[in-house]
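Residue strings, one per chain:
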Amino acid sequence: MNRSFPSAKAFELQAPDLNAWRAGNTGVEGVWRFASTQPGREVLVTALVHGNELCGAWALVEALEAGLRPRCGALNLAFCNLAAFDRFDPTNTDRSRFVDQDLNRLWGRMPWRGGSAPLDCEQERVLQLLPVVERADWLLDLHSMHAEGPALGLTGLMAHHADHALAWGAPGLLVADAGHAAGTRMRDHGRFGDAQDTEAVALLVECGWHGAESSRTVALDMLHRFLCASGCAQASDLPTRWRQNDLRQAPQRLQVTHAITVQPGPAPHFTKAYRTADVVARQGTVIGHDGASPVVTPYDNCVLVMPSLVHAKPGATMVRLARQE
Ligand SMILES: [Zn+2]
C-alpha cells in the first residue's frame, strides 16, 4: 500500500529571505503595487498561497530586486501566506503549507464570512488580499507540487483562460478543471470564474516539485511570458535568463472529468506510486481507494493529475482524472 510518495530527494531550493520585501508598499503586508501613468491592465502575480511553495516567492523577489516597473496599467506582486511561510522548515516542509486551513479553498462565495466564529489565520488573510485580487484583470498564481512531475497550468473550465495560456506558452500540460470540493481557489474567484468576463484571465501554474531548483526556473519563465503578454513589460525590460525558449514541448490539453475526494473511512491509498501525467490504459483499472470505495478509471487512457495523499483528510482532493483533448 502506498500511503504517499513525496520526493525522496532533499530540497534544493532554499527559503528566500523576504525581510526586505515583506512590508509591501500598499498597506497590505507582502503586497506591492507599481502603477504606470499609461492605461493598461491591472496585472497580479501571486506566490506563497501555500507557504511551502518557494519557487514563486523567488520569482517575486527577482522581480522586486530587478526594480521592474510596468509600461502601462499596474503591476501587483503579492506574497500571500506569509504566516505559513514563516513556519517553513526544510525537514518538514508540509507543515508550512498553511497555518489553520488551505488559503486556496476560501474564495468564491465565502460562506465563512459573516458568521459569529472568530476568523482564523487564513480567513483573515483572504480578507486582506481580497481587494487586490478583485482589482486584477490578469492573474498569474505561482505554485509547486509535493511530488516530482511535469509543470502544469490549471486553467479552470472556461476556454478563454486556456486560450490565453496557450498563447503565452504555458507549461506542457494545460489542465482544465473545476477546482476542489473543499472550496474555491483564488484563480476561480469573482471575475475569473465568470464565463462572460473574457477580459479577466487567470492561470495557476504548478511549476514542478516544491524542492526542485527547476521549479524556480519554470516560475521565472512563466513570469516573463505573462508580463510580456499582458503589456506590462517588454522582453527588453526583463532579465534574458528568465526566459527558457526550449523548456518544453507544445502544450497538451487535458480535461479533468473527475476530482476524486477523500471520503471518511479507512485511510485512502493508491495501488502504486502514480505520478502526474501517468496514463492508465484500460477503463476499469483500480488505482486506489478513497476511504469509502475503490477508485476506478472511467475510460481508457485516463491521465492522472496530481495524485496525492499528503493532505488526505476527508474532503481533500486525492487525484484528478483527465481525458486528453
Ligand atoms: Zn499550491
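Asker: When you look at the environment of Asp 17 in this model, what are you seeing that I'm missing?
Answerer: The residue Asp 17 is located in the segment before strand E1 (31-35) in this model. Residues Asp 17 and Val 201, 184 residues apart in the sequence, show an inter-C-alpha distance of 30 Å. One polar contact links the side chain of Asp 17 to the main-chain amide nitrogen of Asn 19, over a distance of 2.9 Å.

Asker: What is the right way to look at the coordination of the zinc ion in this model?
Answerer: Working reference: metal with six octahedral donors, ideal angles 90 or 180 degrees; metal with four tetrahedral donors, ideal angle 109.5 degrees. The coordination sphere of the zinc ion contains the protein donors His 50 (ND1), Glu 53 (OE), Glu 53 (OE) and His 143 (ND1), at a distance range of 2.0 to 2.4 Å. The coordination sphere of the zinc ion comprises four donor atoms, whose angles at the metal cover 58 to 147 degrees; the geometry is irregular. As a motif over one chain, the donors of the zinc ion read H-x2-E-x89-H. By relative accessible area, His 50 is classed as buried at 4%. Owing to a relative accessible area of 2%, Glu 53 belongs among the buried residues under this scheme.

Asker: Can you walk me through the packing of helix H1 (residues 54-65) against helix H5 (residues 213-230) in this structure?
Answerer: Two measures define how a pair of helices packs: the angle their axes make with one another and the distance between the axes. For the pair H1 and H5, the least separation of the axes is 8 Å and the interaxial angle reads 50 degrees. Viewed along their axes, H1 and H5 adopt a mutual orientation that is oblique. Both H1 and H5 take part in a crossing whose hand is right-handed. Mapping the contact onto sequence places Cys 55, Gly 56, Trp 58, Ala 59, Glu 62 and Ala 63 in H1 and Ser 215, Arg 216, Ala 219, Leu 220 and Leu 223 in H5. Grouping the amino acids of the contact of H1 with H5 by side-chain chemistry returns seven nonpolar, two polar and two charged.

Asker: Where do I start with helix H4 (residues 159-168) in this structure?
Answerer: Quick reminder: α-helices carry 3.6 residues per turn. Residues three or four places apart thus point the same way. Among the residues of H4, those classed as buried are His 160, His 161, Ala 162, Ala 165 and Trp 168. Gly 169, located one to two residues past H4, shows a positive phi value of around 90 degrees.

Asker: Can you walk me through the sheet that holds strand E11 (residues 286-289) in this structure?
Answerer: Strand pairing in a sheet relies on backbone hydrogen bonds. The paired strands run either parallel or antiparallel. Judged by pairing direction, the sheet is antiparallel, and its three strands sit side by side in the order E9-E11-E12 without closing on themselves. Lying at the two open borders of the sheet, with one neighbouring strand each, are strand E9 (269-270) and strand E12 (294-296). Note that E11 and E12 share three bridges and pair antiparallel. Following the sheet pairing, Val 286 is matched in E12 by Val 296.

Asker: Just checking my understanding: could you explain the side chain of His 146 for this structure?
Answerer: Structurally, the position occupied by His 146 is in the loop between strand E4 (138-145) and strand E5 (152-154). Looking at His 146, its side chain comes within polar contact range of the side chain of Ser 308, at 3.0 Å.

Asker: How should I be thinking about the packing of aromatic side chains in this particular structure?
Answerer: Centre-to-centre distance and the angle between the planes together describe a pair of aromatic rings. All told, the structure shown has eight aromatic pairs when counted by the stated rule. Pairing Trp 168 with Phe 226 gives two aromatic rings, centres 5.2 Å apart and planes at 85 degrees, and the pair type is edge-to-face. In this pair, Trp 168 sits in helix H4 while Phe 226 sits in helix H5, placing the two residues 58 residues apart along the sequence. Overall, the relative accessible area of 5% leaves Trp 168 in the buried class. Here a set of aromatic residues connected by ring pairs shows up, and it is made of Phe 11, Phe 88 and Trp 209. Its end group placed over the ring of Phe 34, Arg 69 keeps NZ or CZ at 3.9 Å from the ring centre.

Asker: What exactly am I supposed to notice about the pairing of strand E3 (residues 74-79) here?
Answerer: When a strand is regular, its side chains alternate between the sheet's two faces. In terms of residue burial, E3 counts as a mostly covered element, since six of its six residues are buried. Residue alternation in E3 divides its side chains into two sets, Ala 74, Asn 76 and Ala 78 and Leu 75, Leu 77 and Phe 79, and both sets are buried. Relative to E3, E1 is paired through five bridges, and the arrangement is antiparallel. By the bridge assignment, Val 31 is partnered in E3 with Ala 78.

Asker: Before we go on, may I ask you to explain the nonpolar core in this structure?
Answerer: For soluble globular proteins, the rule of thumb is that nonpolar side chains tend to be buried together. Ranked by internal contacts, the top residues of the largest apolar core, which has 50 residues, are Leu 77, Phe 79, Leu 142, Leu 203 and Leu 227. Ranked by the residues each element gives to this core, the list is headed by H1, at eight residues. Setting aside anything within four residues of it in sequence, one finds Leu 203 in contact with Leu 139, Leu 140, Asp 141, Gly 153, Leu 154, Thr 155, Ala 165, Trp 168, Ala 170, Leu 174, Arg 187 and Met 222. Formed by 22 residues, the second largest nonpolar core is a distinct cluster that contains Val 31, Cys 80, Leu 129 and Ala 202.

Asker: When you look at unusual backbone geometry in this model, what are you seeing that I'm missing?
Answerer: In most cases, non-glycine residues show a negative phi, while peptide bonds are predominantly trans. A positive phi is found at Leu 48, a non-glycine position, where the angle reads about 55 degrees. A positive phi angle, close to 50 degrees, is found at Met 306, a residue other than glycine. Judged by relative accessible area, which is 13%, Met 306 ranks as buried.

Asker: What should I look at first to understand the sheet that holds strand E6 (residues 173-176) in this one?
Answerer: One open sheet holds the 11 strands; their spatial order is E1-E3-E2-E4-E7-E5-E6-E8-E14-E13-E10, and the pairing between them is mixed. The open sheet has two edge strands with one neighbour each: E1 and strand E10 (279-280). As paired elements, E5 and strand E7 (residues 201-209) share three bridges and run antiparallel to each other. Looking across to E7, one finds that Leu 154 is bridged to Leu 204. Contacting E1, strand E2 (42-47), E3, E4 and E7, H1 runs over the sheet at an angle of about 135 degrees to E3. Against the sheet, helix H3 (residues 121-135) engages E1, E2 and E3, with an angle of about 20 degrees to E1.

Criteria and thresholds
Residues numbered from 1 in each chain as written. Predicted model: local features only at pLDDT ≥ 70, side-chain atom pairs only at ≥ 80, totals over all residues. Heavy atoms only, no water. Helix = DSSP H or I, 4+ residues; strand = E, 2+ residues; numbered from the N terminus. Polar contact = N/O pair within 3.5 Å; in protein donor to acceptor, adjacent residues only side chain to side chain. Donors = N, O, S within 2.8 Å, 3.2 Å for Na, K, Ca; no water. Tetrahedral: all angles 85-135°; square planar, octahedral: opposite > 155°, others 65-115°. Buried < 20%, exposed > 50% of the residue type's maximum accessible area, 1.4 Å probe, protein only. Axes fitted to C-alpha atoms, helices over the stretch in contact; angles between N-to-C directions. Parallel < 35°, antiparallel > 145°, perpendicular 65-115°, else oblique. Left-handed = near helix turned anticlockwise from the far one by under 90°. Contact = heavy atoms within 4.5 Å. Nonpolar A, V, L, I, M, F, W, Y, C, P; charged D, E, K, R; others polar. Pairing = 2+ DSSP bridges. Phe/Tyr/Trp six-rings, centres within 6.5 Å; stacked < 30°, edge-to-face > 60°. Lys NZ or Arg CZ within 6 Å of the ring centre and 35° of its normal. Core = buried A, V, L, I, M, F, W, Y, C linked by side-chain atoms within 4.5 Å.

What is shown is where atoms sit, not what they do.
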